[in-house]
Amino acid sequence: MIFIILLLGLGVGVLVGLLGIGGGVVLVPAMVYLLHMDQHLAQGTSLFILLLPVGLGAFREYWKQGQVDLHAGILCAAGMLLGAYAGSLIALPMPSRSLKGFFGCFLALAGLLLWRKGQLEGCASGGEVEKASG
């Protein structure tokens, strides 16, 4: 079990640095299915896990490349602090089954929106390629 947990952390860390995603998108479902955690326990554990490693690991590299808007980051972090508190007040009384469904719907919607944006951008750049070659 320790090996699975370490491997999970490594895989999620790579995805965080590579894609800039919040590790919870991968961690929570993985902890529910691989480690057989309750949804609430997985979400709470994910919050604990992400406090330091994400903040220091990938941030350092993006900062060195000049790819961090400090002002926007501070403002958004302040909003997230309040929003996370409010969200926890809503999530904790919810039944695990409802919380899993809500989490899954969120992930599906996020995936659909990203896929659609990619399709629209592909169409737009495809038109530019046709104009350049024609």
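Note that the structure is a prediction, hence the values are computed from the model and not measured. (Residues numbered from 1 in each chain as written. Predicted model: local features only at pLDDT ≥ 70, side-chain atom pairs only at ≥ 80, totals over all residues. Heavy atoms only, no water.)

## Structural notes on helix H1 (residues 2-19)
For an α-helix, 3.6 residues make a turn, and residues three or four places apart therefore share a direction.
Step number 1: Over its 18 residues, H1 extends 26 Å from the first C-alpha to the last, a length consistent with the 26 Å expected when each residue adds 1.5 Å.
Step number 2: Within H1 the residues assigned to the buried category are Leu 8, Val 12 and Val 16. Each buried residue of H1 sits inside an arc of 70° when the element is viewed along its axis, so together they form one side. Opposite the buried face of H1, at more than 90 degrees from it, the exposed residues are Ile 2, Phe 3, Leu 6, Leu 10 and Leu 18. (Helix = DSSP H or I, 4+ residues; strand = E, 2+ residues; numbered from the N terminus. Expected span 1.5 Å × (residues − 1). Buried < 20%, exposed > 50% of the residue type's maximum accessible area, 1.4 Å probe, protein only. Arc of directions from axis to C-beta.)

## Let's talk about the pattern of salt bridges
Step number 1: One pass over the structure, following the stated rule, counts three salt bridges.
Step number 2: One salt bridge connects Arg 60 with Glu 61, and the closest N-O pair in it is separated by 3.0 Å.
Step number 3: In this structure Glu 61 comes out as partly exposed when scored by relative accessible area, which is 37%.
Step number 4: Of the charged contacts, one joins Lys 117 and Glu 121 as a salt bridge, the two residues approaching to 3.8 Å between their closest N and O atoms. With Lys 117 and Glu 121 both in helix H6 (residues 96-133), this residue pair falls four residues apart, about one helical turn.
Step number 5: Residue class for Glu 121 comes out partly exposed when judged on its relative accessible area of 46%.
Step number 6: If you follow the salt bridges from partner to partner, you end up with Arg 60, Glu 61 and Lys 64 in one network. (Salt bridge = Lys/Arg side-chain N within 4 Å of Asp/Glu carboxyl O.)

## Focus: the packing of aromatic side chains
Step number 1: Taken as a whole and assessed by the stated rule, the structure comprises one aromatic pair.
Step number 2: Between Phe 59 and Trp 63, the ring centres sit 5.8 Å apart and the planes meet at 35°, which makes this aromatic pair tilted. Here Phe 59 pairs with Trp 63, and both are found in helix H4 (residues 53-64), just four residues apart, close to one helical turn.
Step number 3: The exposure class of Phe 59 is partly exposed, given its relative accessible area of 37%.
Step number 4: Looking at Trp 63, the relative accessible area reads 44%, which means it is partly exposed. (Phe/Tyr/Trp six-rings, centres within 6.5 Å; stacked < 30°, edge-to-face > 60°.)

## Observations regarding the layout of surface pockets
Step number 1: One number sums up the size of the largest pocket: a volume of about 2,000 Å³.
Step number 2: Looking at the lining of the largest pocket, the elements with two or more residues in it are helix H2 (24-33), helix H3 (39-50), H4, helix H5 (70-91) and H6.
Step number 3: Broken down by element, the residue count for the lining of the largest pocket peaks at 12 residues, all from H5. (1 Å grid on protein atoms, 1.4 Å probe; cavity = no way out; pocket = protein on both sides within 12 Å on 5 of 7 lines; lining within 4 Å. Points joined across faces, edges and corners; volume = space filled by probe spheres on them.)

## Re the side chain of Ser 46
Step number 1: Looking at the secondary structure, you find Ser 46 in helix H3.
Step number 2: According to the relative accessible area criterion, Ser 46 is buried, its value standing at 4%.
Step number 3: Contact partners of Ser 46, with chain neighbours within four places excluded, come to Gly 24, Leu 27, Val 28 and Met 31. (Contact = heavy atoms within 4.5 Å.)

## Looking at the packing of H2 against H3
Step number 1: The geometry of H2 relative to H3 is characterised by a closest axis approach of 9 Å and an angle of 140° between their N-to-C directions. With respect to H3, the element H2 is oriented oblique. Regarding H2 and H3, the two cross each other, and that crossing is right-handed. Across from Gly 24, Leu 27, Val 28, Met 31 and Val 32 in H2, the residues of H3 making contact are Gln 39, Ala 42, Gln 43, Thr 45, Ser 46, Ile 49 and Leu 50.
Step number 2: Residues of the contact of H2 with H3, tallied by class, amount to seven nonpolar, five polar and no charged. (Axes fitted to C-alpha atoms, helices over the stretch in contact; angles between N-to-C directions. Parallel < 35°, antiparallel > 145°, perpendicular 65-115°, else oblique. Left-handed = near helix turned anticlockwise from the far one by under 90°. Nonpolar A, V, L, I, M, F, W, Y, C, P; charged D, E, K, R; others polar.)

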